[in-house]
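A closer look at the structure
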Amino acid sequence: MTHRTLVAGVDSSTQSCKVVVRDAATGELVRSGRASHPDGTEVDPAAWWAALETATAEAGGLDDVAAVSVGGQQHGMVCLDDEGRVVRPALLWNDTRSAGAAGALVEELGGGQAWADAVGVVPVASFTITKLRWLAEHEPERAASTAAVCLPHDWLTWRLSGSGDLASLTTDRSDASGTGYWSAESGDYRPDLLERAFGARPTLPTVLGPSDVAGKTSSGAVLGAGAGDNAAAALGLGAGEGDVVVSIGTSGVVTAVATSGVRDATGTVAGFADATGRFLPLVCTLNAARVLDAAARMLGVDHARLSDLALSAPPGADGLVMVPYLEGERTPNLPDATGRLLGLTLGTTTPAHLARAAVEGLLCGLADGLDALVATGVTPRRVIMIGGGAASEAVRRIAPGILGVPVEVPEPGEYVADGAARQAAWALGGTTEAPGWTAGQSRRYEADPQPDIRASYADARAEAAAAHA
């Protein structure tokens, strides 16, 4: 029997932990496992570790794996004391309590352009730097105990290494670029911005290159640098320059692989880095797949029936428009906003109209994100749609008309974990390029553009923004 080398990829997301074990040479899936994470916008990192252990066991363990890499939810804040103990539950990307701190930081530095020029992003509540300002202001004793700050995937990689030394913490370009104190363009930390926000300069992880080695596990497996979830997904999909990835998960993400950085003073487009040494300009919304969950719950149906209902209603839902700001919103930056349903008449108060309005509202928010990327110079070569929301046939069929371009939906997969596994194989091989694993089949969807739907949504969005100005 021919011996083959195995690598593992981890996706430690907001909701769960997934582990895939793949053949390092071909990318063939060998086995996998998963475990749930607790709900909430703050979580004890110990829960991530417990889920990783459970998912790893279900995947048959890592004893025969030559390399492993961790993809994880971006942003967040994991604070450690001088002995490596977690100071407080980690604040996740979707925790909006630091919205006020974000506004203050933008003003203090002189506006969005100053931040975009400095680090490629304009602070919003998702970013680590704003959470550190919130911690310093609201929990000063915990802030004083913080000797090091890292991100979710950094902490898991560090735990896998078995090192208790804060100096051995590592991260990668993609995740570092979402902190608010590291510049993707210059490749440097901005400790002055960190001190401005936090009042101190705690230890930060060393930023590794795409194929660098972060250490080894207790069983001797090579540890890859890891990546933020969106960068890992792009790597798992094999996305290249001009590819736009639309991910409909807990958050809605529109991102593109680019060869140069972005400086958007409005903060709509974040100038992130990718997992290959290039850039990943990104627009993120807080309201994505959960909009479908909420609509299904309101109508008392499952997702399959919600999809059927949406497809049975006419495009534009006869004027019924949903602005789905169900958890506030990040893009546009309206953390205290609530959802709105406009255009209710006797004729539109049907389950089908509501289902259609929910799907169209979700997609219009993502289409705004695509417009913002195009405005920075991105020319879409293709749109790849992934995430739990992409399983909806209604979403697939309605999306091309709302986005204005054809949409490709690949076979369902764990693309973040797959990208982490591909990175693990890259670190193991020490090559200049990531291994060229063969991508799976995808299905293409096309539809005529629907500018009237976009225009109606824009009007409703403006009313929602004015109500929460």
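Residues numbered from 1 in each chain as written. Predicted model: local features only at pLDDT ≥ 70, side-chain atom pairs only at ≥ 80, totals over all residues. Heavy atoms only, no water.

Topic: the overall build of the chain
Convention followed: Strands are runs of DSSP state E lasting at least 2 residues, helices are runs of H or I lasting at least 4, and numbering of each runs from the N terminus. Using C-alpha atoms as the atom set, the radius of gyration is obtained and then compared with a globule rule of 2.2 Å times the number of residues to the power 0.38. Relative accessibility under 20% of the residue-type maximum defines a buried residue, over 50% an exposed one, and the middle range a partly exposed one, all with a 1.4 Å probe and only protein chains included. Contacts are assigned to residue pairs that have any heavy atoms within 4.5 Å of one another. Where accessible areas are quoted, they stem from the Shrake-Rupley method and a 1.4 Å probe; at the residue level, only the protein chains shown are allowed to cover.
Secondary structure assignment for the chain yields 15 helices and 24 strands. Taken over the C-alpha trace, the chain has a radius of gyration of 21 Å; the compact-globule value for 469 residues is 23 Å, and the two agree within 12%. Within the chain, buried positions represent 58% of all 469 residues. Taking as baseline every contact in the chain between residues at least 6 positions apart, the subset at least 24 positions apart corresponds to 72%. As displayed, the chain has an accessible area near 17,800 Å², and 49% of this comes from carbon and sulfur atoms.

A few points about the pairing of strand E23 (residues 407–410)
Heads up, the rule is: By the convention used here, strands pair only if DSSP detects at least 2 bridges between them. For crossovers, right-handed means that the path from the first strand over the helix to the second runs clockwise, given strands pointing away from the viewer.
The alternating pattern of E23 places Val407 and Val409 on one face and Glu408 and Pro410 on the opposite face, and all of these are buried. Here strand E22 (residues 382–386) runs beside E23; their pairing, made up of 2 bridges, is parallel. Each bridged residue has a counterpart across the sheet, and for Ile384 the counterpart in E23 is Glu408. The handedness of the E22 to E23 crossover, carried by helix H13 (residues 393–403), is right-handed.

Some thoughts on the sheet that holds E22
Under the convention used in this document: Under this scheme, a helix contributes an axis fitted over its contacting stretch, all axes are lines through C-alpha atoms, and angles between N-to-C directions fall in the 0 to 180 degree range.
Ordered by their spatial adjacency, 7 strands build an open sheet running E18-E19-E17-E16-E22-E23-E24, and the pairing between neighbours is mixed. For this open sheet the edge positions go to strand E18 (270–273) and strand E24 (442–445), each flanked by a neighbour on one side alone. With direction set aside, neighbouring strand axes in the sheet form an average angle of 30°. Taken together, the 5 bridges between strand E16 (residues 243–248) and strand E17 (residues 252–256) define a ladder with antiparallel strand orientation. The partner of Ser247 across the bridge, within E17, is Val253.

Some thoughts on the environment of Ala102
Among the structural elements, Ala102 can be located in helix H2 (residues 99–109). Here Ala102 falls in the buried class, since its relative accessible area comes to 3%. Those residues in contact with Ala102 that lie beyond four places of it in its chain are Pro123, Val124, Ala125 and Thr130.

Side note on the packing of helix H4 (residues 128–138) against helix H8 (residues 191–198)
Applicable threshold: Each residue is assigned to one class: nonpolar for Ala, Val, Leu, Ile, Met, Phe, Trp, Tyr, Cys and Pro, charged for Asp, Glu, Lys and Arg, and polar for all the others, Gly among them.
In contact at an axis separation of 7 Å, H4 and H8 are set at 35° when each is read in the N-to-C sense. Facing Ile129, Leu132, Arg133, Leu135 and Ala136 of H4, the residues of H8 in contact are Leu193, Leu194, Arg196, Ala197 and Phe198. Classifying every residue of the contact of H4 with H8 by side-chain character gives 8 nonpolar, no polar and 2 charged.

Some points on unusual backbone geometry
Look at His75: it is not a glycine, yet its phi comes out positive at around 60°. Considering the arrangement of structural elements, one finds His75 in the loop between strand E5 (65–72) and strand E6 (78–80). In this structure His75 comes out as buried when scored by relative accessible area, which is 4%. Phi at Ala317 is positive, roughly 50°, even though this residue is not glycine. When you line up the elements, Ala317 lands in the loop between helix H11 (303–312) and strand E20 (321–323).

Some points on the nonpolar core
We count it as follows: Definition of nonpolar core: a set of buried residues of the types Ala, Val, Leu, Ile, Met, Phe, Trp, Tyr and Cys, connected through side-chain atoms within 4.5 Å.
Counting residues in each nonpolar core, the largest one holds 57 residues, and the members touching the most others are Val244, Val246, Ile248, Val359, Leu363, Met385 and Leu403. Apart from the residues lying within four places of it in its own chain, the contact partners of Ile248 are Ala288, Ala289, Leu362, Leu363, Leu366, Met385, Ile386, Gly387, Gly388, Gly389, Ala390 and Val395. Core analysis: the next-biggest nonpolar cluster, separate from the first, contains 49 residues, Trp115, Ala116, Val122 and Ala231 among them.

Observations concerning the state of the cysteines
Here a disulfide denotes one covalent bond, and it connects the sulfur atoms of two cysteines. Test applied: By definition, disulfides here are pairs of cysteine sulfur atoms that lie within 2.5 Å.
Inspection of the entire model under this criterion finds 0 disulfides. Left without a disulfide partner, Cys284 is nearest to the cysteine sulfur of Cys364, which lies 17 Å away.

Some details on the side chain of Arg396
We count it as follows: When charges are counted, Lys and Arg are positive and Asp and Glu negative, with His and the chain ends excluded. The salt bridge definition used is simple: a Lys or Arg side-chain nitrogen within 4 Å of an Asp or Glu carboxyl oxygen. Definition of a polar contact: a pair of N or O atoms within 3.5 Å, with one able to donate and the other able to accept a hydrogen when the atoms are protein atoms, and with sequence-neighbouring residues admitted only if both atoms are side-chain atoms.
Note that Arg396 resides in helix H13. Buried charge without a salt bridge: Arg396, with Glu393 as the nearest opposite-charge side chain at an N-O distance of 4.5 Å. Looking at Arg396, its side chain comes within polar contact range of the main-chain oxygen of Ala390, at 2.7 Å. Residue contacts for Arg396: discarding those within four places in its chain leaves Ala390, Ala391, Val409 and Tyr445.

Digging into the pattern of salt bridges
Taken as a whole and assessed by the stated rule, the structure comprises 33 salt bridges. One salt bridge in this structure joins Arg88 and Glu42, with 3.1 Å as the shortest N-O distance. One end of the pair, Arg88, is in the loop between E6 and strand E7 (90–91); the other, Glu42, is in strand E4 (residues 42–43), with 46 residues separating them in the sequence. Its relative accessible area of 6% is what places Arg88 among the buried residues.

Here we look at the packing of aromatic side chains
We count it as follows: For Phe, Tyr and Trp, where Trp contributes only its six-membered ring, two rings pair if their centres lie within 6.5 Å, and the inter-plane angle classes them as stacked under 30 degrees, edge-to-face over 60, or tilted in between. For a lysine, the NZ atom is tested; for an arginine, the CZ atom; a charge sits over a ring if that atom is within 6 Å of the ring centre and within 35 degrees of the ring normal.
The tally for this structure, following the rule as stated, stands at 3 aromatic pairs. On the basis of an interplanar angle of 70° and a centroid distance of 6.2 Å, the ring pair of Phe127 and Phe272 is categorised as edge-to-face. Highlighted residues: Phe127 in the loop between helix H3 (112–119) and H4 and Phe272 in strand E18, separated in sequence by 145 residues. Here the two residues Phe127 and Phe272 agree in accessibility, since each one is buried. In this structure, Arg97 packs its charged tip against the face of Trp134, placed 5.0 Å from the ring centre. Taking NZ or CZ as reference, Arg173 lies 5.5 Å from the ring centre of Phe279, over its face.

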